[in-house]
Each structure stands twice: as C-alpha cells, then as structure tokens.
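Structural overview for review
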Amino acid sequence: MKIFVTGGAGFIGSHTCVELLNAGYEVVIADNLSNAKPEAVENIQKISGKPVVFYKTDLRDLEGMRKIFTEHDIDAVIHFAGLKAVPESVQKPLEYYENNLGGTFVLCQAMREAGCRKIVFSSSATVYGMHNPVPFKEGMPTSATNPYGYTKVMIEQILTDLALADPQWSVSLLRYFNPIGAHSSGLIGEDPNGIPNNLLPYVSQVAAGLRPEVVVYGNDYDTPDGTGVRDYIHVVDLALGHLSAVKYVLEHTGVEAVNLGTGQGTSVLEIVAAYSKACGKELPYRIAPRRPGDIATCYADTEKARRLFGWEAKRNIEQMCADSWNFAKNRYIK
Ligand code: WQD
C-alpha cells in the first residue's frame, strides 16, 4: 500500500511518515519546504530504516501533482500541507485562503483524475470556535476566529460536499488538539521558523537558553490557576491516530470528523512546571495580557476515535516534555 503525504516534512507529517513506514506502508512525500527543513526527509529514513520518495513541490502546481499520481499508484492521501500561523493569517488572509484552499482544490483534482478518492485531512480543534462547551464533540457546530481557522472550516466543508456528491470518496477529518513532544530519537521535532507562536516550541527555546523567559498570555481566565487550559497530545500518539485513520478510509467510504486528543486539560503554568522538571531547571516566566482570540479552556471528547478507530492517546505530559526537551537539546545546544 502506497500513501501520498502532502507536507510530510513538517512537524506532524514527519512523525506520521515514520509510523506509516514502521507499519509497512510505502510513502511518497510532497513538501515545498516553506516551513520544514530538507533534513527532516533524511531523518524519517534514518529513524525508520526505509526509503521514501520525496518531491519538492507546491501543491498548487497541478502538473507537479499529476506527475506524482502518474509515477505512483497512490492508495490514499494524508493532506498536511498548508500555512498554519494564526497571527500571520490575520495579517495575510489572501495568502492563507489562496494557499490552503487553492492547494486543496488542485490536490483533489489530481486525485480524482487518478481515481484516488481516499483522503485523511489535517484539521484542527480550532474549528470548534469560541462558543461550544467543553469537552468538544464532533457533532458540534464549527466556526473560526481567524483566517487560518476558517481555512480549516472551509476545507472540511469542501471535502464533506465532495463525499456527498460522489459516494466513492472516503474522507477522514482529523481535528487535532495541541500536538507537542517529539520522536524519542531526538532527530525530528517541532522546529518552527522565526519566533514560535505556540507555547511548547517557545518554552523549549527558553529551556535551551535562546530566549530569556516564557511569556504567559493572561492569568485571569476562569481556570484553576487562571492560565489557559489545553489538551496537549504527544505527536507520536497523533501520528498513530493517522495510521488508524488511513486504515479506516481504505476500508470505508463516506466522511467522518474525528477528534485526536487526550481528553485531559493542562494549564500554561502546569506546562512550565512540567518542562522545568524535564529540563532540570526552573524556567522563568512573566504574566502578560491575554492574546486576542484565545479561549480559556479547550479539550476533546475522545469517544468517537476509540469507537471508530480503536485508537486512544497513551503518552502523558511528562513524556511529552521529556521528548520535547530531548529534541531541543539536539537542535539548539551544540
Ligand atoms: C496554548 C496556550 C496560549 C504561547 C494553536 C492553533 C491551533 C493549533 C495549535 C495548528 C494558550 C498560551 C502560548 C506563549 C502562552 N495549530 N501561550 N505563551 O492557541 O491553543 O492553538 O496551536 O493547527 O489551530 O490555534 O496553541 O500553543 O499557541 O497556545 O501563554 O508564548 O498557551 O494563550 O492558552 P493554541 P498555543
């Protein structure tokens, strides 16, 4: 079985490729490397001991996509490729809609021409918006508070309508909560370009001495310690969830939205404490005003993933911080 992974050199994509290879699938990757490094492809092969086929190409290049489907008999697609920085999407909405939606249109056209109608889409818990009660459940209404979030809502709708129009399609919409951590080898992990928007890469850079302190966005939320609560999930658990989703789409048709989370909430200050323990030093932090668009609490209802995929997350916060720190040491401390 051969799986085409768009954005396969990225944080979640690279971890998923490792688990696909470990499970015996062949893997073809397309990535424009706009937010990933070429050595990620080498490291995927080093960790798994197996070869991958890599195309440095942009999803919006229809001829490039057609070439991949001509050169390979693809059984299913996992679609990670897309811009994902919330603040940047507010500054550059046109680029976000053009890139994320345009790339998906081209991908689906190339898939349909090749007769490949099995897709796992990298969606996000961000589609639950600001007004749903926790724990977030798949049947809840979706919305967004920024262009990045709206691209996820819209692509879910596009793929849903595609599956309704042509029942041969099999679509799995995976709604990730907060992926963190790294493969135990320390060879692949979260390594964003520029100043990290997300908490864990920022904390890991403070721990590595690249930044002076953690900036905690608000401690006046209605949460146990006043700081934001999120459902952090180990990226390897998330990768294994994609393996379950690929098996599911290969054996079924129709469209299913599925949460990939732990169902547990952890606050920012709890993360700072856990990371301090993992790296063996008290990490400095300061309280700053809330970040616009943030919600107080976000965590998953995990029943559907267990029922449909037979999957659940197994790694805890301590393991996530230990693996994240192991990668950060390799990446930043020479
Ligand atoms: C987590 C918590 C912040 C940074 C976003 C996207 C989501 C997904 C994951 C792509 C919040 C606080 C953060 C910092 C802080 N991305 N924080 N200081 O916002 O839950 O989700 O990333 O799919 O779609 O929306 O993740 O890591 O940015 O924030 O205090 O320097 O940490 O306020 O409470 P978020 P995050």
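Scroll up a little and you will see the structure.
Residues numbered from 1 in each chain as written. Predicted model: local features only at pLDDT ≥ 70, side-chain atom pairs only at ≥ 80, totals over all residues. Heavy atoms only, no water.

**Describing the packing of helix α3 (residues 62-71) against helix α5 (residues 93-114)**
For clarity, the threshold we go by: The convention used is that axes are lines fitted to C-alpha atoms, helices contributing only their stretch in contact, and that angles between N-to-C directions extend from 0 to 180 degrees. Only DSSP runs of H or I reaching four residues or more are called helices, and only runs of E reaching two or more are called strands; each is numbered from the N terminus. Each crossing is labelled by how the near helix is turned from the far one, with a counterclockwise turn of less than a right angle marking it left-handed and a clockwise turn marking it right-handed. Only heavy atoms enter the contact rule, under which two residues are in contact if any of them lie within 4.5 Å. Under the convention adopted here, Pro, Cys and the residues Ala, Val, Leu, Ile, Met, Phe, Trp and Tyr are nonpolar, Asp, Glu, Lys and Arg are charged, and Gly plus all remaining residues are polar.
Their axes nearest at 9 Å, the elements α3 and α5 cross at an angle of 35°. In this structure, the crossing between α3 and α5 has a hand that is right-handed. Contact with α3, carried on its side by L62, M65, R66 and F69, involves V106, L107, Q109, A110, M111, E113 and A114 of α5 and no other residues of that element. Per-class residue counts for the contact of α3 with α5 are 8 nonpolar, 1 polar and 2 charged.

**Things to note about the site of the ligand**
Put simply, the rule is: Whether a residue is near a molecule or strand depends on its heavy atoms: if one lies within 4 Å, it is near. Contacts described as polar in this section are N or O atom pairs within 3.5 Å, which, within protein, must combine one atom able to donate a hydrogen with one able to accept it, while residues neighboring in sequence count only if both atoms come from side chains. Per-residue and other accessible areas follow the Shrake-Rupley method at a 1.4 Å probe size, with only the shown protein chains counted as cover for residues.
Surrounding the ligand, one finds 17 residues, the nearest of these being Y148, L199, V215, R230 and D294. Measuring from an oxygen atom of the ligand, one finds a side-chain N or O atom of S124 at 2.9 Å. Surface burial for the ligand is 90%, taken as the share of its 690 Å² of free accessible area covered by protein chains. When residues in the shell around the ligand are grouped by element, the largest group, 3 residues, is from strand β8 (residues 214-217).

**What about the environment of S184?**
Note the following rule: Residue exposure (1.4 Å probe, protein chains only): buried if accessible area is under 20% of the type maximum, exposed if over 50%, otherwise partly exposed.
Looking at the secondary structure, you find S184 in the loop between β7 (178-180) and α7 (199-207). A relative accessible area of 54% places S184 in the exposed class. It is 28 Å that separates the C-alpha atoms of S184 and I119, two residues lying 65 residues apart in sequence. Non-local contacts of S184, meaning those with residues more than four positions away in its chain, are made with D323 and N326.

**A few points about the nonpolar core**
A general tendency of soluble globular proteins is for nonpolar side chains to be buried together. The test is simple: To qualify as a nonpolar core, a set must consist of buried Ala, Val, Leu, Ile, Met, Phe, Trp, Tyr and Cys residues joined through side-chain atoms within 4.5 Å.
If you look at the biggest cluster of nonpolar residues, it comprises 39 residues, and the most contacted ones within it are I3, L20, V27 and L174. Looking at this core, the element that brings in the most residues is helix α8 (residues 235-251), giving 8 residues. Setting aside its immediate chain neighbours within four residues, I3 contacts L20, Y25, E26, V27, V28, A76, I78 and V246. The next biggest cluster of nonpolar side chains, apart from the first, holds 27 residues, and it includes F4, A30, M65 and I74.

**A word on the packing of aromatic side chains**
What counts is decided by this rule: Only Phe, Tyr and Trp rings are paired, with Trp represented by its six-membered ring, and only when their centres lie within 6.5 Å; those with planes under 30 degrees apart are stacked, over 60 edge-to-face, the remainder tilted. Criterion for a charge above a ring: Arg CZ or Lys NZ at most 6 Å from the ring centre, at most 35 degrees from the ring normal.
As enumerated under the stated definition, the model contains 5 aromatic pairs in all. When the ring of Y128 is compared with that of F136, the centres are 4.9 Å apart and the planes differ by 25°; the resulting orientation is stacked. A cation over an aromatic ring shows up here: R290 above the ring of Y221, its NZ or CZ 4.1 Å from the ring centre.

**So, the sheet that holds strand β6 (residues 170-176)**
Here is the rule: What makes two strands pair is DSSP finding at least two bridges between them.
Strands sit in the order β3-β2-β1-β4-β5-β6-β11 across an open sheet of 7 strands; the sheet is parallel. The strands lining the two open edges of the sheet, one partner per strand, are β3 (53-55) and β11 (254-260). For this sheet, the mean angle separating the axes of adjacent strands, direction not counted, is 20°. Bridging between strand β2 (residues 26-30) and β3 involves 3 bridges; their strand directions are parallel.

**Thoughts on helix α11 (residues 317-332)**
To be explicit about the condition: Given a helix with a known number of residues, its expected span is that number minus one, times 1.5 Å.
Along its 16 residues, α11 runs 22 Å from first to last C-alpha, staying within 8% of the 22 Å computed at 1.5 Å per residue. Burial in α11 covers these residues: I317, M320, C321, D323, S324, W325, F327, A328 and Y332. The elements touched by buried residues of α11 are β7, α7, β10 (232-234), β12 (266-267) and α9 (268-279). Backbone nitrogen of E318 and a side-chain oxygen of the N-cap are separated by 3.2 Å at the start of α11; the cap is N316.

**Digging into the environment of A36**
Topologically, A36 is positioned in the loop between β2 and α2 (39-48). Residue A36 is classed as buried on the basis of its relative accessible area of 13%. Put simply, A36 and E190 are 154 residues apart on the chain and 9.5 Å apart in space, counted from C-alpha to C-alpha. If sequence neighbours within four positions are ignored, A36 has contacts with A9, G10 and D31.

**A look at unusual backbone geometry**
For the peptide bond that leads from V134 to P135, omega is 0°, which places it in the cis range. Position of P135 among the secondary structure elements: in the loop between β5 (118-124) and α6 (147-165). Of note in the backbone geometry, L33 takes a positive phi value of approximately 60° without being a glycine. Mapped onto the fold, L33 is located in the loop between β2 and α2. The buried category is assigned to L33, whose relative accessible area is 18%.

**Comments concerning α3**
As a reminder, the rule being used: Throughout, the arc means that of the directions going from the helix axis to the C-beta atoms.
When α3 is considered as a whole, its buried residues turn out to be G64, M65, I68 and F69. Looking down the long axis of α3, one finds its buried residues gathered within 135° of arc, a one-sided arrangement. Pointing more than 90 degrees away from the buried face of α3 are the exposed residues E63 and T70. Check the buried side of α3 and you find it contacts β1 (2-6), β2, β3, β4 (76-79) and α5. One side-chain oxygen of the residue at the start of α3 lies 3.2 Å from the amide nitrogen of E63, identifying that residue as D61.

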